Amino acid sequence: MTIDEFITKNKKKITSNVGYDSETVKDVEYIETFIKAGIEDMQENGVSDAVITEKSLAIVALTQYVLDNLQETPGNFTVSSIYTANVLKLRYMVVDTNEV
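Below is a summary of the structure that appears in this document. Predicted, not measured: the structure shown is a model, and the values here were computed from it. Here, residues in each chain are numbered from 1, in the same order as that chain's written sequence. Restriction of local features to residues with pLDDT of at least 70 applies here, the model being predicted, together with a cutoff of 80 or more for giving and counting side-chain atom pairs; totals for whole chains, interfaces and linings are based on all residues. Only hydrogens and water are removed before side-chain values are computed, so all heavy atoms of the structure are retained for them.

## Looking at the packing of helix H2 (residues 25-44) against helix H5 (residues 81-91)
Turning to step 1, where the next piece is worked out: Fitted lines through C-alpha atoms give the axes, limited to the stretch in contact for helices. The angle between two N-to-C directions lies from 0 to 180 degrees. Runs of E in the DSSP output that reach at least two residues are strands. Runs of H or I that reach at least four are helices, and both are numbered from the N terminus. Where H2 contacts H5, the axes come no closer than 10 Å and their chain directions differ by 55°. In terms of their interaxial angle, H2 and H5 are classed as oblique. Considering how the two elements wind past one another, H2 and H5 form a crossing that is right-handed. Taken together, the residues of H5 that come into contact with H2 (itself represented by Gly38, Asp41 and Met42) are Tyr83, Val87 and Leu90.
Turning to step 2, where the next piece is worked out: A class-by-class count of the residues in the contact of H2 with H5 yields four nonpolar, one polar and one charged. Orientation is classified from the angle alone, with under 35 degrees giving roughly parallel, over 145 giving roughly antiparallel, 65 to 115 giving roughly perpendicular, and any other angle giving oblique. Crossings are classed by handedness, with left-handed meaning an anticlockwise turn of the near helix from the far one by less than a right angle and right-handed meaning a clockwise turn. Only heavy atoms matter for contacts: two residues are in contact if any of them lie within 4.5 Å across the pair. Side-chain classes follow a simple rule in which Ala, Val, Leu, Ile, Met, Phe, Trp, Tyr, Cys and Pro form the nonpolar group, Asp, Glu, Lys and Arg form the charged group, and the remainder, Gly included, forms the polar group.

Put into C-alpha cells, the structure is as follows:
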C-alpha cells in the first residue's frame, strides 16, 4: 500500500477518532493536512513507509499527532510523550515482505 492509499483508507477513521465529523468533507480535509504532516514527521524520525502503511500502531500515533496539533496554541506547543514513544516503537519495527 502506498502512503496516499493509506491516507485515503484511514483519514475518516482518524478524523472521527479526534472528535471531528468524518462525514463532513471540510473536517476530513482539515484533518488530512495534519495526517500528512504527521507522516512526514514519522518519516523524518526514521519510520519507513512500509511500517507506516502496514502497522496499526501508525494509526494510533497519527491520531495522537493530530490531537497534539489541534490543541496547539501559538508559542506553547509540546509533543505528547505517547506520540514520541509510539514513533520510537515504529522506528524499530520491520514489515515482513511476505505480509505486504
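Text resumes after the structure shown.
## Topic: helix H4 (residues 56-70)
Turning to step 1, where the next piece is worked out: Between the first and last residue of a helix there are one fewer steps than residues, each counted as 1.5 Å, and that sum is the expected span. For H4, built from 15 residues, the straight-helix expectation of 21 Å at 1.5 Å per residue is met to within 8% by its first-to-last C-alpha distance of 22 Å.
Turning to step 2, where the next piece is worked out: Burial here depends on accessible area, computed with a 1.4 Å probe over protein chains only, as a share of the maximum for the residue type. Under 20% is buried, over 50% is exposed, and the range in between is partly exposed. Within H4, 11 of the 15 residues are buried, which leaves it mostly tucked inside the rest of the structure.
Turning to step 3, where the next piece is worked out: Burial in H4 covers these residues: Leu57, Ala58, Ile59, Ala61, Leu62, Thr63, Gln64, Tyr65, Val66, Asp68 and Asn69.
Turning to step 4, where the next piece is worked out: Residues of H4 that are buried make contact with helix H1 (3-17), H2, helix H3 (49-54) and H5.

## Things to note about the nonpolar core
Across soluble globular proteins, you tend to see nonpolar side chains buried next to one another.
Turning to step 1, where the next piece is worked out: What is meant by a nonpolar core is a set of buried Ala, Val, Leu, Ile, Met, Phe, Trp, Tyr and Cys residues, joined one to another through side-chain atoms within 4.5 Å. With 24 residues, the main nonpolar core has Ile35, Ile39, Met42 and Leu90 as its most contacted residues.
Turning to step 2, where the next piece is worked out: Of all elements in the fold, only H1, H2, H3, H4 and H5 reach the threshold of two or more residues within this core.
Turning to step 3, where the next piece is worked out: Per-element tally for this core: the top contributor is H4, with seven residues.
Turning to step 4, where the next piece is worked out: Apart from the residues within four sequence positions on either side, Met42 is in contact with Val47, Ile52, Ala58, Ala61, Leu62, Tyr83, Val87 and Leu90.

## Section: the environment of Asn86
Turning to step 1, where the next piece is worked out: For Asn86, the position within the fold is in helix H5.
Turning to step 2, where the next piece is worked out: C-alpha of Asn86 to C-alpha of Glu29: the two residues are 57 residues apart in sequence and 24 Å apart in space.
Turning to step 3, where the next piece is worked out: Once you skip the residues sitting within four places of it in the chain, Asn86 turns out to touch Leu57, Val60 and Ala61.

## With respect to H2
Turning to step 1, where the next piece is worked out: For H2, which comprises 20 residues, the first-to-last C-alpha distance of 29 Å matches the rise-based estimate of 28 Å (1.5 Å per residue) to within 8%.
Turning to step 2, where the next piece is worked out: Buried within H2 we find Asp27, Val28, Ile31, Glu32, Phe34, Ile35, Gly38, Ile39 and Met42.
Turning to step 3, where the next piece is worked out: Those residues of H2 that are buried are in contact with H1, H3, H4 and H5.
Turning to step 4, where the next piece is worked out: Gly46 lies just past H2 and shows a positive phi near 90°.

The values reported here are purely geometric and, on their own, carry no functional implication.
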